[in-house]
Amino acid sequence: MTHAHIRIAPSILAADFTRLGEQIAECEAVGADWIHVDVMDGRFVPNITMGPLVVEAAHRATRLPLDVHLMIVEPDHLLDSFAQAGARRISVHWEACPNLDRTLRQIKALGCAAGVAINPHTPALMLSEILPLLDVVLVMTVNPGFGGQTFIEGTLAKIRQIRTMIGALPIDLEVDGGINVETAASVVEAGADVLVVGSALFSQHHSVAVGMERLKAAVANKKPV
Ligand code: DX5
Ligand code: ZN
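Note that this is a predicted model, so its numbers are computed, not measured.

**A short note on the site of ligand 1**
Residues in contact with ligand 1 amount to 20 residues; listed here are only the nearest, D38, G148, D176, G178 and S199. Here G178 contributes a backbone N or O atom positioned 2.8 Å from an oxygen atom of ligand 1. Here an oxygen atom of ligand 1 sits 2.5 Å away from a polar atom, N or O, in the side chain of S199. When ligand 1 is considered free in solution it has 380 Å² of accessible area, and contact with the protein chains removes 99% of it. Of all the elements in the fold, those that place two or more residues in the shell around ligand 1 are β2 (35-40), β3 (66-71) and β8 (194-197).

In structure tokens:
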């Protein structure tokens, strides 16, 4: 498979929430492709972050697709709220969905692209039956729950394996956690074509524009192997 274009999805989890609209606008101005929204419930993961209210605010701040990553148990009853709030893409966790097929069909019925996220310990093969229903596979390259964690090298083999499983299917392969100028090239070489980036983009040390420029430079001319 060839990837015409590596897409960057800034994770607003690392943004300055006192000026969220501005930060989203900065991302859009410097060529971000999607805006990634990390929803955590304090149950599936130890942390609590944001819900449909923030998705709705983000929706008013940008025309970019909102890529909503639900790190929550029992997501089914909230899918409609997130779709109404402006989510264009919704990913649920494999580990949190006992009726995954139904959940994915529900996401699609709401008019959103449907994705499944898998934790670092979840084998790629768990996706084999569900793959034809997916628009995106979201491979967690850290344990979900917090921004700013260290990339888990062992996930590279799984990214490669999922790239092979995807074959010619029209499925995006998104990676999430610890993606920065050091790790971006290796995930792209392994087959990822959407990079979620939080702390490496929203930093005290440089602007979003500089962060984006460095990331794009890091993956320029990298091809999946
Ligand atoms: C982790 C979240 C990630 C996180 C990425 O649970 O799903 O999206 O915000 O942040 P960084 O890029 O800082 O690892
Ligand atoms: Zn995420």
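**Remarks on the environment of L201**
As for its placement among the helices and strands, L201 is situated in the loop between β8 and α7 (208-219). Considering only alpha carbons, one finds L201 and N180, 21 residues apart in sequence, at a separation of 8.1 Å. Setting aside its immediate chain neighbours within four residues, L201 contacts P10, H206, S207, V208, G211, M212 and L215.

**Focus on the side chain of D33**
Along the chain, D33 falls in the loop between α1 (20-29) and β2. Salt bridges are absent for the buried D33, whose nearest opposite-charge side chain, K216, sits at 5.3 Å. Polar contacts involving the side chain of D33 include one to the side chain of H5, which spans 3.1 Å. In this structure, D33 is in contact with H5, I6, R7, I8, L64 and P65, ignoring residues within four places of it in sequence.

**Considering the coordination of the zinc ion (ligand 2)**
Donor atoms from the polypeptide that coordinate the zinc ion (ligand 2) comprise H36 (NE2), D38 (OD), H69 (ND1) and D176 (OD), at 2.0 to 2.3 Å from the metal. Here the zinc ion (ligand 2) binds six donor atoms, and the angle range of 66 to 168° at the metal identifies the geometry as octahedral. Read from N- to C-terminus, the donor residues coordinating the zinc ion (ligand 2) fall into the pattern H-x1-D-x30-H-x106-D. You can see H69 sitting in strand β3 and its partner D176 sitting in strand β7 (residues 172-176), a full 107 residues away along the chain. By relative accessible area, which is 8% here, D176 ends up buried.

Procedures and definitions
Residues numbered from 1 in each chain as written. Chains lettered and ligands numbered in written order. Predicted model: local features only at pLDDT ≥ 70, side-chain atom pairs only at ≥ 80, totals over all residues. Heavy atoms only, no water. Near = heavy atom within 4 Å. Polar contact = N/O pair within 3.5 Å; in protein donor to acceptor, adjacent residues only side chain to side chain. Areas by Shrake-Rupley, 256 points an atom, 1.4 Å probe, with all protein chains shown as cover. Helix = DSSP H or I, 4+ residues; strand = E, 2+ residues; numbered from the N terminus. Contact = heavy atoms within 4.5 Å. Buried < 20%, exposed > 50% of the residue type's maximum accessible area, 1.4 Å probe, protein only. Lys, Arg positive; Asp, Glu negative; His and termini not counted. Salt bridge = Lys/Arg side-chain N within 4 Å of Asp/Glu carboxyl O. Donors = N, O, S within 2.8 Å, 3.2 Å for Na, K, Ca; no water. Tetrahedral: all angles 85-135°; square planar, octahedral: opposite > 155°, others 65-115°.

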